[in-house]
Amino acid sequence: MAADQVLTLITMGISHFVEKARWALQRYSIPFNEEVHAPGAHRFACKACGGRGSVPCLRLPASASNGSNSSGQHPACVDESTPILRWVDQQAAQRAAAAGQPPPPQLFPASPEGEQVSQLVQRFDKQLGPAVRVWAYSHLLFTPVIAQAMVAPPVPAHERWLLRCGGWWVLRRLMVKGMGITPEGGEKALAKIRACFDDMAALLADGRPFLAGSAFTAADLTFAALAAPALGHAYGTAPGLGEDTPLAMAAQVAELRAHPAGQHALRMWAEQRGVVLGAAAGGSKL
């Protein structure tokens, strides 16, 4: 694929929502470049290509833009993680049709389970993902481990410099105020995580292998990706559980890992994260 036709995924290395989009793109062997930014700087990069200012944002070359927006123009980007997953489904089906092959399994199937998949993904996006973020920051925001993960290469040098020259102090104050990063906020977020895990365990109690039935879907991908920080699973520049993890956080991670829903998410990481589908991949592993 020519350089001017390659997609660009605008990201922050520590974002679990980014990992959700990265997982889908890699699973369906869709080539992309990743443009990693420090927190704060990501907003300018996303808005510059037509996004709302949050990651992930998938910048599209003109040849990859499909459909039109409300103004009749081709969109410059696919904004946020769930629209990216739906776009991946569309692209995978189109590529298979062009190759004269049957489409690969969809993340959002057209089967009767499709509505449940959409409802689960919406719940994870609105409840689980934000709760995990608040919980994680309530433990890590004032520790070196998260500061280092936020500015780890390939974050541009000038963005790292800005954070180290006072920007980190400002950013932390804004995050505390905007997201309620306090010990109390962390406890409330943990309660929401536990409630979501309990509900997913209830779904899985009938022996089904996946959240919506017999097939891996966007529900399983989204749950595993957004639960990753709570399970101490590494991704991007997020280091996962390690020697630097605060003791209280490590104890809660151990609890969530042992939970039936946590076990399901970890199984998705082990069995599904490396799967590559598509005409060229033939169902291989990363």
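This structure is a prediction, so every number in the text was calculated from the model and none was measured.

S.K.: Any details on the pattern of salt bridges? Residues and values, ideally.
M.R.: Scanning the entire structure with this criterion turns up 11 salt bridges. Its salt-bridge partner being R208, residue D206 comes within 3.0 Å of it at the nearest N-O pair. When salt bridges with common partners are traced through the structure, they connect E19, R22, E34 and R273 into a single cluster.

S.K.: Talk me through the sheet that holds strand β1 (residues 7-11); I want residue IDs and the actual numbers.
M.R.: Spatially, the four strands line up as an open sheet ordered β2-β1-β3-β4, and their pairing is mixed. Strands at the two margins of the open sheet, each flanked by one partner only, are β2 (32-36) and β4 (77-79). Direction aside, the axes of adjacent strands within the sheet are offset by 20° on average. By the bridge criterion, five bridges tie β1 to β2 in an arrangement that is parallel. Bridged to L9 within β2 is E34. Helix α3 (residues 81-98) contacts β1, β3 (57-59) and β4 of the sheet and is inclined by roughly 125° relative to β4.

S.K.: Describe the nonpolar core, with residues and values.
M.R.: Among the nonpolar cores identified, the biggest contains 81 residues, and L128 and F223 are the most heavily contacted of them. Looking at this core element by element, the count peaks at 12 residues for helix α4 (residues 114-140). Counting residues in each nonpolar core, the second largest holds nine residues, with V18, V55, C57 and C77 among its members.

S.K.: Tell me what's going on with α4, and back it up with residues and numbers.
M.R.: Each α-helix winds once per 3.6 residues, and so residues spaced three or four apart point in a common direction. Under the 1.5 Å per step criterion, the end-to-end length of α4 is 37 Å for 27 residues, consistent within 8% with the ideal 39 Å. Maximum bend of α4: about 40°, positioned at F124.

S.K.: Tell me about helix α9 (residues 247-258), and please be specific about residues and values.
M.R.: Taking 1.5 Å per residue, 12 residues should reach 16 Å; α9 reaches 17 Å between its end C-alpha atoms and fits that length. Of the positions making up α9, those classed as buried are M249, Q252, V253 and L256. Seen from one end, α9 has its buried residues packed into an arc of 105°, which puts them on one side. Exposed residues lying more than 90 degrees from the buried face of α9 are L247 and A258. In the core, the buried residues of α9 are packed alongside α4, α7 (183-204) and α10 (260-272).

S.K.: So what's going on with the side chain of E19? Which residues, and what values?
M.R.: Take E19: it is sitting in helix α1 (residues 16-27). There is a polar contact of 2.4 Å between the side chain of E19 and the side chain of R22. Ignoring any residue separated from it by four or fewer positions in sequence, one finds E19 in contact with A225, Y235, G236, W269 and R273.

S.K.: So what's going on with the packing of α1 against α3? Residues and values would help.
M.R.: Relative to each other, α1 and α3 sit at 5°, their axes nearing to 9 Å. Regarding the angle of α1 to α3, the classification is roughly parallel. For the pair α1 and α3, the contacting residues are F17, K20, A21, A24 and L25 in the first and S81, T82, I84, L85, W87 and V88 in the second. A per-class count over the contact of α1 with α3 returns eight nonpolar, two polar and one charged.

S.K.: Would you mind going over the packing of aromatic side chains in detail, with residue names and values included?
M.R.: With the rule as written, the count across this model stands at five aromatic pairs. For the ring pair F197 and F223, a centre distance of 5.3 Å and an interplane angle of 55° mean the geometry is tilted. One end of the pair, F197, is in helix α7; the other, F223, is in helix α8 (residues 218-227), with 26 residues separating them in the sequence. Taking the relative accessible area as the measure of exposure, F197 reaches 0% and is therefore buried. According to the relative accessible area criterion, F223 is buried, its value standing at 1%. Within the aromatic cluster, the residues linked to one another by ring pairs are W23, F210, F216 and W269. If you follow R86 out to its NZ or CZ, it ends over the ring of F108, 3.8 Å from the centre. Sitting over the ring of F210, R267 keeps its end group 5.8 Å from the ring centre.

Definitions and limits used
- Residues numbered from 1 in each chain as written.
- Predicted model: local features only at pLDDT ≥ 70, side-chain atom pairs only at ≥ 80, totals over all residues.
- Heavy atoms only, no water.
- Salt bridge = Lys/Arg side-chain N within 4 Å of Asp/Glu carboxyl O.
- Pairing = 2+ DSSP bridges.
- Helix = DSSP H or I, 4+ residues; strand = E, 2+ residues; numbered from the N terminus.
- Axes fitted to C-alpha atoms, helices over the stretch in contact; angles between N-to-C directions.
- Contact = heavy atoms within 4.5 Å.
- Core = buried A, V, L, I, M, F, W, Y, C linked by side-chain atoms within 4.5 Å.
- Buried < 20%, exposed > 50% of the residue type's maximum accessible area, 1.4 Å probe, protein only.
- Expected span 1.5 Å × (residues − 1).
- Bend = angle between axes of the 7 residues up to and from the residue.
- Arc of directions from axis to C-beta.
- Polar contact = N/O pair within 3.5 Å; in protein donor to acceptor, adjacent residues only side chain to side chain.
- Parallel < 35°, antiparallel > 145°, perpendicular 65-115°, else oblique.
- Nonpolar A, V, L, I, M, F, W, Y, C, P; charged D, E, K, R; others polar.
- Phe/Tyr/Trp six-rings, centres within 6.5 Å; stacked < 30°, edge-to-face > 60°.
- Lys NZ or Arg CZ within 6 Å of the ring centre and 35° of its normal.

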